[in-house]
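Observations on the three-dimensional arrangement
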Amino acid sequence: MSDAHLNLIDGTWMPGDHLTENRNPSDLSDLVGHYAAATSGDVDRAVQAARAALPAWQAKGPLARADLLDRVARRIEVEAEEIGRMLAREEGKILSEAIAETRRAAQIFRFFGGEALRFPGEALASVRPGVDIQVTREPMGVIGLITPWNFPAAIPAWKLAPALAFGNAVLLKPAEMVPGTAHLLARIIHDEGCPPGIFNLVMGPGSVVGRAMVAHPDIAAISFTGSAQTGRMIARAGAEGMKKLQLEMGGKNPMLVMDDADLDLAVAACLNGAFFSTGQRCTASSRLIVQAGIHDAFVARLSAEMQALRVGPALDLASQIGPVVSAAQLQSNLDYVALARTEGCEVIGGERVDGPTDGHFQRPALFLNARNSMRVAREEIFGPCAAVIRVGDFDEALAVANDSDYGLSAGICTGSLKQARAFRHGARAGMVMVNLPTAGVDFHVPFGGTKGSSHGSREQGRQAVEFYTTTRTAYSFGG
């Protein structure tokens, strides 16, 4: 087929055993393209190519790696609108958000280009006379990267860039629903001179490609972002193979709104955190924990502004909320809306929307009168749905916030420095926001959570070196 997009293995574009369709969730009549599905044999070929290419890649030194990442960053910036349009077509993120995400990917590559030249190490004094000690960081080797559908530019970037910066070779398996954005990134990395075998794109289903990567004895580490269920499966299989693992697995993030909060600020933060990007963010504010004194005014304002959001096709510049990514995800969201009513919530919004095209459109939803024990307040929905939980005071709000199997991001809207400080210290989450949405983090700082949200060392920022390298301690005696 003329629109067939192939895997990249050892610097060569290669077909898999079949092609899969990639369709636009805003308009199912829009065929984005056909993408090759790799086999377990393709994974093995990519791993062997990566192993063979590693010595020469590492011998080039950090400047070659920094220069590559800088060239990639510049190309992404030049092609940001093209890549953003692809992202919007295949994932459903509105165009402005899709282009912003693409530009963030460029920022990530540029940041880690600098980190390649700041490769850390230390010299230590020995307790033995005449002995010197050097502790250096060494690349892990071949690393498997498994990325989700909700951020198809940024998340591959924040895994790929540090992996390459620190001298590793990689296999990237993007989510099966969004191969197009990853394919454009792969073309840029290839065209900008990445040596054959150092970067490999292996598209296809997780049950085949992901499973083969996790099981392969020559892949030293796996970085995964996706569902908690799949993350736990990878943890079990990866432990069996003694692999280094980095797992990001979602959240049920609380946003506290205290009586002394600025109402305009709180409504804006919750509207953004809960519903932008169609709520399809692991950092979304899915539990709005609101103090009784401000509850009614907050709900009235938030529900009015939520219902005024324009739901429509991702490429329509008037749209504020794009489609849900797939029919299966939309049905799951609608099932949770029905469950919220069954559990005793008053539901505002949440219904399926007939758009101007045949797509997966849903009105954002608020679940009022929710309790933290309800399934809709405990399970990650991954859609534009938020449960509102009324509390009496700060202590109750913090206890409800921490009563979750997840611990990724947590926020508070308050005018009290005392409450803000107590929340920063008391929230059991990897990222804490004060008077800001729970979603939205900078590219140069650590990303990750606690409890069921994350396993292994942090992503992004200077802390990324912890996962993508191992330490070597060298002793020498000078006589």
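Below: a short report on this structure.

Our next topic: the overall build of the protein chain. Looking only at helices and strands, the protein chain has 14 helices and 25 strands in total. Against the 2.2 N^0.38 benchmark of 23 Å for 479 residues, the protein chain shows a C-alpha radius of gyration of 23 Å, consistent with a compact globule. C-alpha atoms of the protein chain, sized along the principal axes, occupy 75 × 65 × 40 Å. Out of the 479 residues belonging to the protein chain, those deemed buried represent 58%.

The subject of this paragraph is unusual backbone geometry. Positive phi, normally seen in glycine, also occurs at Ser 277, with a value near 60°. Along the polypeptide, Ser 277 turns up in the loop between helix H9 (263–275) and strand S14 (285–291). The phi dihedral of Gln 460 is positive, around 65°, even though this residue is not glycine. As for its placement among the helices and strands, Gln 460 is situated in the loop between strand S24 (454–455) and helix H14 (465–468). Take Gln 460: its relative accessible area is 1%, and that puts it in the buried class.

Counted at 1.5 Å a residue, the expected span for helix H1 (residues 40–59) with its 20 residues is 28 Å, and the 30 Å between its end C-alpha atoms agrees. Roughly 40° is the biggest bend found in H1, and it falls at Ala 53, with proline Pro 55 one to four residues downstream. Among all positions in H1, only Asp 42, Val 43, Ala 46, Val 47, Ala 49, Ala 50, Ala 53, Leu 54 and Trp 57 are buried. One or two steps after H1, the chain reaches Gly 61, where phi turns positive at roughly 85°.

We now examine the packing of H9 against helix H10 (residues 292–307). Interhelical geometry of H9 versus H10 gives an angle of 50° and a closest axis separation of 10 Å. Compared by their axis directions, H9 and H10 come out oblique. The chirality of how H9 crosses H10 is right-handed. Only Ile 294, Ala 297, Phe 298, Arg 301, Leu 302, Glu 305 and Met 306 of H10 make contact with H9, whose side of the interface consists of Leu 263, Asp 264, Ala 266, Val 267, Cys 270, Leu 271 and Phe 275. When grouped by side-chain class, the residues that make up the contact of H9 with H10 number 11 nonpolar, no polar and three charged.

Right, let's get into the environment of Asp 70. Along the chain, Asp 70 turns up in helix H2 (residues 62–78). Since its relative accessible area comes to 29%, Asp 70 is described here as partly exposed.

Turning to the packing of aromatic side chains, a few remarks are in order. The tally for this structure, following the rule as stated, stands at seven aromatic pairs. Pairing Phe 112 with Phe 166 gives two aromatic rings, centres 6.4 Å apart and planes at 90°, and the pair type is edge-to-face. Note that Phe 112 is positioned in helix H4 (residues 95–116) and Phe 166 in the loop between helix H5 (154–165) and strand S9 (169–173), a separation of 54 residues in sequence. Side by side, Phe 112 and Phe 166 carry an identical accessibility label, which is buried. Look at Trp 158 and Phe 447: their rings are 5.2 Å apart centre to centre, the planes differ by 40°, and that puts the pair in the tilted class. Note that Trp 158 is positioned in helix H5 and Phe 447 in the loop between strand S22 (431–434) and strand S23 (450–451), a separation of 289 residues in sequence. Exposure class is identical for Trp 158 and Phe 447. Each is buried. Put simply, the rings of Phe 111, Phe 112, Phe 119, Phe 166 and Phe 443 pair up and form one aromatic cluster. Against the face of Phe 151 rests Lys 93, its NZ or CZ located 3.6 Å from the ring centre.

Time to look at the nonpolar core. Counting residues in hydrophobic clusters, the biggest one holds 92 residues, and the most contacted among them are Phe 109, Phe 112, Leu 171, Phe 199, Met 213 and Ile 222. Of all the elements, H4 adds the most residues to this core, at 10 residues. Those residues in contact with Phe 112, other than ones at most four positions away along the chain, are Leu 69, Ala 161, Pro 162, Ala 165, Phe 166, Gln 460, Gly 461 and Ala 464. Core analysis: the second largest hydrophobic core is formed by 30 residues, Ile 289, Tyr 336, Val 337 and Ala 387 among them.

We now examine the side chain of Glu 79. Within the secondary structure, Glu 79 is located in the loop between H2 and helix H3 (80–91). The buried category is assigned to Glu 79, whose relative accessible area is 13%. Looking at Glu 79, its side chain comes within polar contact range of the side chain of Arg 187, at 3.0 Å. For Glu 79, the contacting residues outside a window of four places in its chain are Arg 187 and Ile 188.

By way of backbone hydrogen bonds, the strands of a sheet pair with one another, either parallel or antiparallel. Here three strands make up an open sheet; going across it, the order is S6-S7-S25 and the pairing antiparallel. Looking along the sheet, the strands with just one partner apiece sit at the ends: strand S6 (121–125) and strand S25 (469–477). Taking the axes of each pair of neighbouring strands and ignoring which way they run, one obtains an average angle of 20° across the sheet. Strand direction decides the pairing type here: S6 and strand S7 (residues 131–139), joined by five bridges, are antiparallel. Considered in S7, the bridge of Leu 124 is made with Ile 133.

This paragraph deals with the pattern of salt bridges. Pairing is possible between side chains of opposite charge, provided their charged atoms come close. The full count for this structure, using the stated rule, is 25 salt bridges. Here Asp 70 ties to Arg 110 by a salt bridge, and the two come within 3.5 Å at their closest N and O atoms. Highlighted residues: Asp 70 in helix H2 and Arg 110 in helix H4, separated in sequence by 40 residues. Taken together, the shared-partner salt bridges connect Arg 71, Arg 75, Glu 79, Glu 82, Arg 187, Asp 191 and Glu 192 into one network.

Rules used throughout
Residues numbered from 1 in each chain as written. Predicted model: local features only at pLDDT ≥ 70, side-chain atom pairs only at ≥ 80, totals over all residues. Heavy atoms only, no water. Helix = DSSP H or I, 4+ residues; strand = E, 2+ residues; numbered from the N terminus. Rg over C-alpha atoms; globule rule 2.2 N^0.38 Å. Buried < 20%, exposed > 50% of the residue type's maximum accessible area, 1.4 Å probe, protein only. Expected span 1.5 Å × (residues − 1). Bend = angle between axes of the 7 residues up to and from the residue. Axes fitted to C-alpha atoms, helices over the stretch in contact; angles between N-to-C directions. Parallel < 35°, antiparallel > 145°, perpendicular 65-115°, else oblique. Left-handed = near helix turned anticlockwise from the far one by under 90°. Contact = heavy atoms within 4.5 Å. Nonpolar A, V, L, I, M, F, W, Y, C, P; charged D, E, K, R; others polar. Phe/Tyr/Trp six-rings, centres within 6.5 Å; stacked < 30°, edge-to-face > 60°. Lys NZ or Arg CZ within 6 Å of the ring centre and 35° of its normal. Core = buried A, V, L, I, M, F, W, Y, C linked by side-chain atoms within 4.5 Å. Polar contact = N/O pair within 3.5 Å; in protein donor to acceptor, adjacent residues only side chain to side chain. Pairing = 2+ DSSP bridges. Salt bridge = Lys/Arg side-chain N within 4 Å of Asp/Glu carboxyl O.

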